[in-house]
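Summary of structural features
Now for the letters of each chain:
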Amino acid sequence: MKLYSTNNTSASVSFKEAVFNSMPQDKGLYMPVSIPRLSDEFISKLGELTLPEIAFGVAKNILGNTIPEADLKALIDDAINFDAPVVELEDDVYVLELFHGPSLAFKDFGARFMSRVMSYFLQAGEKQLDVLVATSGDTGGAVALGFLGVPNTRVTILYPKGKVSGVQEQQLTTNGQNIRALEVAGTFDDCQALVKQAFTDAELNSVYRLTSANSINIARLIPQTFYYFNAWAQLLRKGKSKVAFAVPSGNFGNIGAGLLAWKMGLPVEQFIAATNANDTVPAFLKTGVYEPKPSVQTISNAMDVGNPSNWVRIADLFKGDEAALKQLITGYSYNDEQTVEAIEKVYADHQYVVCPHTAIAWKALKEWQSEHAEVTGVFLSTAHPCKFPDVIPAKVAANISVPESVKELEGREKQAVQMPASFDAFKTYLLNNI
Ligand SMILES: *Cc1c(COP(=O)(O)O)cnc(C)c1O
């Protein structure tokens, strides 16, 4: 597998280089030089395959012979060791539950696959790999649990102070070992800017071997294609083959992976990009003007992104064919009040508790289906509702069943370093704590 930068399509690097560099020096994002279509035979037989089998077939298709088959299979079986079931809520409305991994969010797919790919490529005796990761809440937990105890690696998490939930903060700050957490006085965008600047800082790069675990890393994106194929396979077994996916979107990695799956031949009728008040993409789909904005804080805080990193990848997939892009992707944006109403409505109608991000996708799907009743809709549930108890109305929240893994976090000691949103402070910390 070869990859180019979205800012320079003539140069190309190996998968290993792309995974460790995370971002090209020219500040573009890595994209595969070729995205082969899966065979019609594979697509038509999806209904007979398990999630790990599908994951292996899809990964082999895009990675080529980058990782030998037996190693790739072992890696996938280890990384993708939890389920992603499609649950029927009503006729032609399904929820794809992506929260059965260790951090209870879909980011476990990306983080677990990436940590194992990195560990696979690390040669014995090589310099320690330092993962820098900015999080609006869920990334940090997934990465921390994905890398916890992985030899020769260390993770530094930057999270915005006061803007993550209690369970999220516990998942970020109670690990110890090779995981350290920085509590930044600023927004998620500030955290992301600090990480991006660190990658282009010559002095830091001379003492650290830095890599990123954010959704800009190509090793995060690839495993997220697996569950789109697997969801489609589950619907195929139920005799459904006209499918639309509604995706709660922030940095647009999740929906970007769906589009990558589509590019590999998954027959999807429509992608529905569902956002909170940070509506840069829905506004673009409506007006044709792409205008990144500072992020605003909402109750669906994992989607508080004003300048979605992965959008350049999506634009690159369509190679300037804006008409095709606008045909395949529809956008909806909802405010906090509408989000709360949606949580209440889903519970009232189906006795099913959704997290605020998931609620936005459900609402977008219903709105789209009101004009496309013939298409089966799947909305992605990106996190377990117990991660966001404070923003779910108490009457509904009372019905959340809290997993054992969360109960165990309570009472563990918080370990976090306070940090202003200043690159000088961040750099000084890193240089003093090698
Ligand atoms: C990260 C996250 C999102 C946004 O996903 P992107 O890939 O950044 O678009 C949505 N919901 C939850 C719960 C998340 O953790």
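Residues numbered from 1 in each chain as written. Predicted model: local features only at pLDDT ≥ 70, side-chain atom pairs only at ≥ 80, totals over all residues. Heavy atoms only, no water.

**A few points about the sheet that holds strand β14 (residues 417-420)**
Within a sheet, each strand pairs with its neighbour through backbone hydrogen bonds, oriented either parallel or antiparallel. Under the convention used in this document: Here the rule is simple: two strands pair whenever DSSP picks up at least two bridges between them. The helix and strand labels rest on DSSP assignments: H or I over at least four residues marks a helix, E over at least two residues marks a strand, and numbering proceeds from the N terminus. Here, axes are lines fitted to C-alpha atoms. For helices the fit covers the stretch in contact, and angles between N-to-C directions go from 0 to 180 degrees.
Spatially, the five strands line up as an open sheet ordered β9-β6-β7-β8-β14, and their pairing is parallel. Of all strands in the sheet, those with a lone pairing partner are β9 (209-212) and β14, marking the two edges. This sheet shows a mean twist of 30 degrees between the axes of neighbouring strands, independent of strand direction. Two elements, strand β6 (residues 129-134) and strand β7 (residues 153-160), share six bridges in a ladder whose sense is parallel. Bridging from a neighbouring strand, Leu 129 pairs with Thr 153 of β7.

**Brief notes about the site of the ligand**
Inclusion rule: Whether a residue is near a molecule or strand depends on its heavy atoms: if one lies within 4 Å, it is near. Definition of a polar contact: a pair of N or O atoms within 3.5 Å, with one able to donate and the other able to accept a hydrogen when the atoms are protein atoms, and with sequence-neighbouring residues admitted only if both atoms are side-chain atoms. We get accessible surface area from the Shrake-Rupley algorithm with a probe of 1.4 Å; when it comes to residues, only the shown protein chains can shield them. Side-chain classes follow a simple rule in which Ala, Val, Leu, Ile, Met, Phe, Trp, Tyr, Cys and Pro form the nonpolar group, Asp, Glu, Lys and Arg form the charged group, and the remainder, Gly included, forms the polar group.
Near the ligand lie 15 residues; those nearest to it are Lys 107, Asp 138, Gly 250, Asn 251 and Thr 382. The contact in question runs from an oxygen atom of the ligand to an N or O atom on the backbone of Gly 250, over 2.8 Å. Here a nitrogen atom of the ligand and a side-chain polar atom of Thr 382 are 2.8 Å apart. In the complex, 97% of the free accessible area of the ligand, which totals 380 Å², lies under the protein chains. The residue inventory of the shell around the ligand, partitioned by class, reads six nonpolar, seven polar and two charged.

**Comments concerning the packing of aromatic side chains**
We count it as follows: Stacked, edge-to-face and tilted are the three classes for Phe, Tyr and Trp ring pairs, Trp counted by its six-membered ring, which pair at centre distances within 6.5 Å; planes under 30 degrees apart are stacked, over 60 edge-to-face, the rest tilted. Working definition: with a 1.4 Å probe on protein chains only, accessible area under 20% of the residue-type maximum means buried, over 50% means exposed, and in between means partly exposed. For a Lys NZ or an Arg CZ to count as sitting over a ring, it must be within 6 Å of the ring centre and within 35 degrees of the ring normal.
A complete count under the given rule lists 16 aromatic pairs for this structure. With a centroid separation of 6.2 Å and 65 degrees between ring planes, the pair formed by Tyr 228 and Phe 271 is classed as edge-to-face. Placement of Tyr 228 in helix α10 (residues 218-237) and of Phe 271 in strand β11 (residues 270-275) is noted, with a sequence separation of 43 residues between them. Of the two residues, Tyr 228 and Phe 271, neither departs from the other in class, the shared state being buried. With a centroid separation of 6.4 Å and 70 degrees between ring planes, the pair formed by Phe 423 and Phe 426 is classed as edge-to-face. Taken as a pair, Phe 423 and Phe 426 lie in helix α19 (residues 423-432) at a separation of three residues, close to a single helical turn. Pair check on accessibility: Phe 423 and Phe 426 agree, each one buried. Taken together, the ring pairs connect Phe 82, Phe 109, Tyr 227, Tyr 228, Phe 245 and Phe 271 into an aromatic cluster. Lying over the aromatic face of Phe 20, Arg 209 brings its terminal NZ or CZ to 4.8 Å of the ring centre. One cation-aromatic arrangement involves Lys 326 over Phe 284; the distance from NZ or CZ to the ring centre is 5.4 Å.

**Examining helix α6 (residues 138-147)**
Convention followed: It only takes one pair of heavy atoms within 4.5 Å for two residues to be counted as in contact.
The element α6 is extensively covered by neighbouring structure, given that nine of its ten residues are classed as buried. Listed as buried for α6 are Asp 138, Thr 139, Gly 140, Gly 141, Ala 142, Val 143, Ala 144, Gly 146 and Phe 147. The inward-facing, buried residues of α6 abut α5 (107-121), β6, β7, α7 (166-173), β8 (179-185) and α10.

**So, unusual backbone geometry**
Trans is the prevailing form of peptide bonds, just as negative phi is the prevailing case for residues other than glycine. You will see that Ser 22, though not glycine, has its phi angle at about 70 degrees, which is positive. For Ser 22, the location among the structural elements is in the loop between α1 (15-21) and β3 (30-32). On the basis of relative accessible area, Ser 22 is assigned to the buried category, the value being 0%. Although it is not a glycine, Asp 92 sits at a positive phi angle of roughly 65 degrees. Topologically, Asp 92 is positioned in the loop between β4 (86-90) and β5 (93-97).

**Considerations on the nonpolar core**
Going by this rule: Throughout this description, the term nonpolar core refers to a set of buried Ala, Val, Leu, Ile, Met, Phe, Trp, Tyr and Cys residues connected via side-chain atoms within 4.5 Å.
If you look at the biggest cluster of nonpolar residues, it comprises 97 residues, and the most contacted ones within it are Phe 15, Phe 226, Tyr 228, Phe 229, Phe 245 and Ile 329. Of all the elements, α10 adds the most residues to this core, at twelve residues. For Ile 329, the contacting residues outside a window of four places in its chain are Ile 255, Leu 259, Gln 270, Phe 271, Ala 273, Leu 285, Ile 314 and Phe 318. Of all hydrophobic cores here, the second largest spans 34 residues; its members include Tyr 352, Leu 365, Phe 379 and Ile 392.

**What about the environment of Glu 69?**
Take Glu 69: it is sitting in helix α4 (residues 69-79). Each C-alpha atom, one on Glu 69 and one on Phe 56, is 8.7 Å from the other, the two residues being 13 residues apart in sequence.

**Here's the deal with the sheet that holds β3**
Pairing is antiparallel across the open sheet formed by three strands, whose spatial order is β2-β1-β3. Taken across any chain shown, the strands that pair with only one partner, and hence form the sheet edges, are β2 (8-14) and β3. Sheet twist, expressed as the mean angle between neighbouring strand axes with direction ignored, is 40 degrees. Sheet analysis places strand β1 (residues 2-5) next to β2, joined by three bridges and oriented antiparallel. If you follow Ser 5 over to β2, its bridge partner there is Asn 8.

**Observations regarding the UniProt feature "domain: Threonine synthase N-terminal" (unreviewed entry) in the protein**
Condition: UniProt positions are given in the numbering used here, feature names are shortened, and annotations may be inferred rather than shown by experiment.
What UniProt calls "domain: Threonine synthase N-terminal" (unreviewed entry) maps, in this numbering, to residues 4-79. In the segment residues 4-79, helix accounts for 47% and strand for 16%; the C-alpha atoms at its two ends are 26 Å apart.

**Concerning the side chain of Asn 301**
When you line up the elements, Asn 301 lands in the loop between α12 (280-287) and α13 (311-317). A polar side-chain atom of Asn 301 sits 2.3 Å from the main-chain carbonyl oxygen of Lys 163. Apart from the residues lying within four places of it in its own chain, the contact partners of Asn 301 are Ser 136, Lys 163, Val 164, Ser 165, Gln 168, His 357 and Phe 388.

**Thoughts on the pairing of β8**
The condition is simple: With strands facing away from the observer, any crossover in which the path from the first strand over the helix to the second runs clockwise is taken as right-handed.
Counting buried residues along β8, six of its seven residues qualify, which places the element largely inside the surrounding structure. Across six bridges, the pairing between β7 and β8 is parallel. When the sheet's bridge partners are listed, Thr 156 is paired in β8 with Arg 180. Regarding topology, α7 serves as the crossover connection from β7 to the parallel β8, and that connection is right-handed. With four bridges joining them, β8 and β14 adopt parallel strand pairing. Opposite Ala 185, over in β14, you have Pro 420 as the bridge partner.

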